[in-house]
Amino acid sequence: MTELNAPPSATTPVWEHFDHVESGIRRRIAVADPAVKDYLDRMLARIAAHRGVEHPLLNAYRTTALDPRQESHMYSECYYFFRYLPFYITGMAIKTRDEMILREIILNVADEVGSDPTHSTLFAGFLARIGLDKDHLSHYQPLDVTERLNDGIRRLYTESSIHKALGALYADETMSSIMVSKINDGLRNQGYDEDLRHFWQLHIDLEVGHSNSVFNAIAPYVESAAARAEFEEGAFEFLGLVERYWDGVQQLVGLGQ
């Protein structure tokens, strides 16, 4: 399983985890121009170091147990963060006539909804096992910042240019590979067994493959300064939304402040 619990060190750049993946995880394509790979690697490192990814709440949660109220709030907000993402990613497909981009988008979505049970079903099962059933979630009012996050991601993926949308998705999938590892650590520290943590463990490596899919989709298009500017705008707009989301959840939960 890919180890992404710590920030990159001087000896092990974070992108090595994405270059060398286990069998069955989506791999990066070979890029003819080394400058393109270097650019996307440096972008990945900037994403991994962003406060929205290295958030105090997530880092504190790895080693600090939550009480039932805190846990309920945190994962109820996560539900409203995650629930429509595959639909928004699919909306990116209408922005392109490039089969490589379309293929990589479809592969990511297929991972989420192409198996039985779907990943949303697995997530619902996890939530139910920690006491958050459908009735609770339907009556839960998420934070305003969570609603802004959800709508912001929808706009980034469905209303932006394809380069900007792929920048947001590169940030999303790279961020997710690190986030799920930290959440899995927190749940383990809380005393939850592997069976209950299955949804999170499943995604530690899977999200690395999803980030690699976006690498494959965007690599032919980031040679120009204009394309890179759009790509970076999408990535850091997404990360800003995530940072403000975790700030709101941190204030609600009262951890890592």
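First things first, this report covers the structure right here in the doc. Here the structure is a predicted model, which means the values were calculated and not measured.

## What to know about the overall build of the chain
Across its full length, the chain carries 12 helices and zero strands. Of the regular secondary structure in the chain, the N- to C-terminal order runs α-α-α-α-α-α-α-α-α-α-α-α. For 257 residues, the compact-globule estimate of 2.2 N^0.38 gives 18 Å, and the C-alpha radius of gyration of the chain, at 18 Å, lies within 12% of that figure. Viewed in the frame of its principal axes, the chain has a C-alpha envelope of about 50 × 40 × 35 Å. Put simply, 84% of the contacts in the chain that link residues at least 6 apart link residues at least 24 apart. In the form shown here, the chain has an accessible surface area of approximately 11,300 Å², with 53% of it arising from carbon and sulfur atoms. Here the chain carries 24 positive and 38 negative side-chain charges, and the mean point of each set is 2 Å from the other.

## Comments concerning the environment of Lys182
Here Lys182 is to be found in helix H10 (residues 162–190). For Lys182, a relative accessible area of 0% gives the class buried. Here the alpha-carbon distance between Lys182 and Val53, two residues 129 residues apart in the chain, equals 9.9 Å. Side chain to side chain, Lys182 and Glu54 meet in a polar contact 2.9 Å long.

## A closer look at the packing of aromatic side chains
All told, the structure shown has 19 aromatic pairs when counted by the stated rule. Ring pairing ties together the aromatic residues Tyr61, Tyr75, Phe81, Phe82, Phe123, Phe126, Phe199, Trp200, Tyr245 and Trp246, which thus form one cluster. Positioned over the ring face of Tyr39 is Arg228, at 4.1 Å from the centre of the ring.

## Details of unusual backbone geometry
Backbone phi values are negative for most residues with the exception of glycine, while trans is the configuration of most peptide bonds. Put simply, Asp116 and Pro117 share a cis peptide bond, and its omega is 10 degrees. Mapping Pro117 onto the fold places it in the loop between helix H6 (99–113) and helix H7 (119–129).

## Focus: helix H2 (residues 34–49)
For an α-helix the count is 3.6 residues per turn, leaving residues at separations of three or four pointing the same way. In this model H2 runs 23 Å from its N-terminal to its C-terminal C-alpha over 16 residues, within 8% of the 22 Å that 1.5 Å per residue would give. For H2, the complete set of buried residues consists of Val36, Tyr39, Leu40, Asp41, Met43, Leu44, Ala45, Ile47 and Ala48. The residue sitting at the N-terminus of H2 and contributing the capping side-chain oxygen is Asp33; that oxygen lies 2.9 Å from the backbone nitrogen of Ala35.

The rules behind each value
- Residues numbered from 1 in each chain as written.
- Predicted model: local features only at pLDDT ≥ 70, side-chain atom pairs only at ≥ 80, totals over all residues.
- Heavy atoms only, no water.
- Helix = DSSP H or I, 4+ residues; strand = E, 2+ residues; numbered from the N terminus.
- Rg over C-alpha atoms; globule rule 2.2 N^0.38 Å.
- Contact = heavy atoms within 4.5 Å.
- Areas by Shrake-Rupley, 256 points an atom, 1.4 Å probe, with all protein chains shown as cover.
- Lys, Arg positive; Asp, Glu negative; His and termini not counted.
- Charge placed at Lys NZ, Arg CZ, Asp CG, Glu CD.
- Buried < 20%, exposed > 50% of the residue type's maximum accessible area, 1.4 Å probe, protein only.
- Polar contact = N/O pair within 3.5 Å; in protein donor to acceptor, adjacent residues only side chain to side chain.
- Phe/Tyr/Trp six-rings, centres within 6.5 Å; stacked < 30°, edge-to-face > 60°.
- Lys NZ or Arg CZ within 6 Å of the ring centre and 35° of its normal.
- Expected span 1.5 Å × (residues − 1).

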